[in-house]
Amino acid sequence: MIHGMKNKLLILMLISPAVLFGQQKTVVLTCDDACESHYSFVAPLLKQYGFGATFYVCEFPGMFGDSTRSMSWQQIKELSAMGFEIGNHTWHHKNLDRMIPGELDSELSYVEQKCDSLGIPRPVSFAYPAYREDPASIPTLIRHRYRTARTGGDRPWQPSTDDPLHVPSYTIKGDGPEDKKYFYQALEQAGPGKVIVFTIHGVPDIAHPWVSTPPAVLKEYLQYLYAHHYRVVPMREFVHLPTPREFISLSPSDDLALLTVFRPRKDLSKGTAVIVCSGGAYAFRFDGGEGVPACRKLQDAGITAFLLDYRLPAGNDTVPLHDAQSAIRYLQAHAKAFRLDPHKIGILGFSAGGHLASTTGTHFKNAAERPDFMVLVYPVISMADSLTHKWTRKELLGDTVTAEKIRLYSNELQVTDSTPGAFIVHAMDDDGVPVANSLYFEAALLQHHIPVQVFLYAHGGHGFSVNNKTATVQWTGACMDWIKQMKWEK
Ligand SMILES: [Zn+2]
């Protein structure tokens with residue numbers, strides 16, 4: 001009894017008042033690039049202080065395989081066994097904004113599979129190589145279940161309000177007075193709701209001397225954190241943060257279609273929804289340039305936008321349509337949760353995404369798959385040799401194209417009396433997808449007495465998105481008016 005009391009008192013005395021009153025300041029330590037010194041110096045030092053940390057690993061080109069510069073996977077495994085977190089920094093440390101479509105998937109998967117084969121827990125934390133971000137990468141990061149993504153930025157992180165896929169950090173480096181001032185000034189920002197995230201490269205960094213930290217300096221910093229009772233933790237501490245973005249997986253499987261929700265302000269909401277499909281010749285989705293800006297325009301107009309991360313067909317023509325139809329079914333079934341009218345769900349698409357939108361509007365088998373309206377922006381409509389965009393056709397139908405498939409996916413030939421109304425945008429001088437695609441579709445709709453409005457530009461070419469710089473009037477205003485004035489009886 002008495003012994004127990006003594007132990008308790010002793011423990012209480014060791015804990016600082018800040019800890020007792022829950023005001024302890026939090027620091028997240030992150031170490032990038034799998035530098036050799038992380039294994040030989042940083043990890044053992046952290047262990048002495050009982051500090052946690054995240055090691056964002058990659059196979060750094062020109063460095064990986066050289067045991068004097070880079071950790072081996074065996075050493076990474078040992079860090080994990082010591083209790084440190086292993087995060088994903090991509091396979092080749094490639095900048096996200098320089099990746100070709102689909103590349104991020106394989107860059108992430110390589111590290112995940114490597115971890116899996118070595119018994120390292122699947123990474124849940126990601127770090128952008130060279131702090132370079134790309135908004136189009138977000139759905140991929142989400143699909144791979146990354147809960148945080150760290151970047152640079154030199155400011156404190158506010159987990160309760162900041163985007164967890166944009167975690168700012170301070171870069172520790174050097175030993176000059178300015179370098180040290182930077183570290184201590186960053187720490188002064190820590191406080192309630194404000195976490196300081198540090199990025200550390202090699203200690204020292206032989207390969208990248210400009211981000212090198214001398215061992216004595218890191219020792220000084222860690223000693224300071226210890227003496228001042230900072231809580232030093234890995235990024236995975238924050239794995240349970242809710243994401244401010246809303247994502248809907250249309251399938252429990254990892255690699256299937258995803259919807260990103262852009263809700264309008266409550267007082268503006270019209271109960272209308274639009275599923276948005278970016279273009280990209282069915283070879284990629286130009287979300288950053290087309291899908292996301294369109295969703296923002298819709299959101300501002302009081303319309304709930306759902307960016308569809310449809311799967312790319314690679315010659316398997318039914319795949320994108322399947323995903324678009326899943327999205328319509330999902331939104332009809334969950335209309336109430338999103339405060340939507342289940343009969344006001346439209347689909348908007350750019351270029352190849354316009355082909356997908358017009359396919360959705362002409363290929364449905366029942367009401368549960370039918371969009372209530374279409375918005376087609378410089379759409380590919382036809383698969384006919386004289387009209388189509390060849391790259392788009394090749395990606396959708398593969399190398400061997402039959403006359404039957406051409407007919408099936410030439411949507412100007414698929415219009416019926418129950419095809420929904422359309423708002424169509426095109427520039428007359430489009431040299432990628434001829435304006436005739438839109439004009440043939442308009443003619444087909446008119447033949448069936450379907451409401452259609454065409455917004456033609458004299459100039460602008462292909463791919464101007466929501467802002468045709470050659471024009472003073474943008475199509476988006478007229479389009480929002482058209483959606484709001486739709487007659488919904490049909
Ligand atoms: Zn890096």
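Residues numbered from 1 in each chain as written. Predicted model: local features only at pLDDT ≥ 70, side-chain atom pairs only at ≥ 80, totals over all residues.

Our next topic: the overall build of the protein chain. Looking only at helices and strands, one finds 15 helices and 16 strands in the protein chain. Once the C-alpha set of the protein chain is aligned to its principal axes, its extents read approximately 90 × 50 × 45 Å. By residue count, 46% of the 490 residues in the protein chain fall in the buried class. Once local pairs closer than 6 in sequence are excluded, the contacts in the protein chain between residues at least 24 apart make up 71%. (Helix = DSSP H or I, 4+ residues; strand = E, 2+ residues; numbered from the N terminus. Buried ≥ 20, exposed ≤ 12 C-beta atoms within 10 Å, placed from the backbone. Contact = placed C-beta atoms within 7 Å.)

Here we come to the packing of helix 3 (residues 36-49) against helix 8 (residues 215-227). As a packed pair, helix 3 and helix 8 sit with axes 11 Å apart at the nearest point and diverge in direction by 20°. Taken together, the axis directions place helix 3 and helix 8 in an arrangement best described as roughly parallel. The crossing of helix 3 and helix 8 is right-handed. Only P215, L218, K219, L222 and Y226 of helix 8 make contact with helix 3, whose side of the interface consists of F41, V42, L45 and Y49. The class makeup of the residues in the contact of helix 3 with helix 8 is eight nonpolar, no polar and one charged. (Axes fitted to C-alpha atoms, helices over the stretch in contact; angles between N-to-C directions. Parallel < 35°, antiparallel > 145°, perpendicular 65-115°, else oblique. Left-handed = near helix turned anticlockwise from the far one by under 90°. Nonpolar A, V, L, I, M, F, W, Y, C, P; charged D, E, K, R; others polar.)

A few words on the environment of K487. With respect to the helices, strands and loops of the structure, K487 is situated in the segment after helix 15 (475-485). Taking the number of C-beta atoms within 10 Å as the measure of exposure, K487 has 7 and is therefore exposed. Put simply, K487 and P451 are 36 residues apart on the chain and 9.5 Å apart in space, counted from C-alpha to C-alpha.

It is the contact of helix 10 (residues 318-333) with helix 11 (residues 352-362), at a shortest axis distance of 10 Å, that shows an interaxial angle of 65°. It follows that helix 10 is roughly perpendicular to helix 11 by the angle criterion. Taken as a pair, helix 10 and helix 11 cross one another with a handedness that is right-handed. Counting all contacts with helix 10, which are made through P320, L321, A324 and Q325, the residues of helix 11 involved are L356, T359 and T360. Its residues assigned to classes, the contact of helix 10 with helix 11 shows four nonpolar, three polar and no charged.

All we've got here are geometric facts, nothing functional implied.
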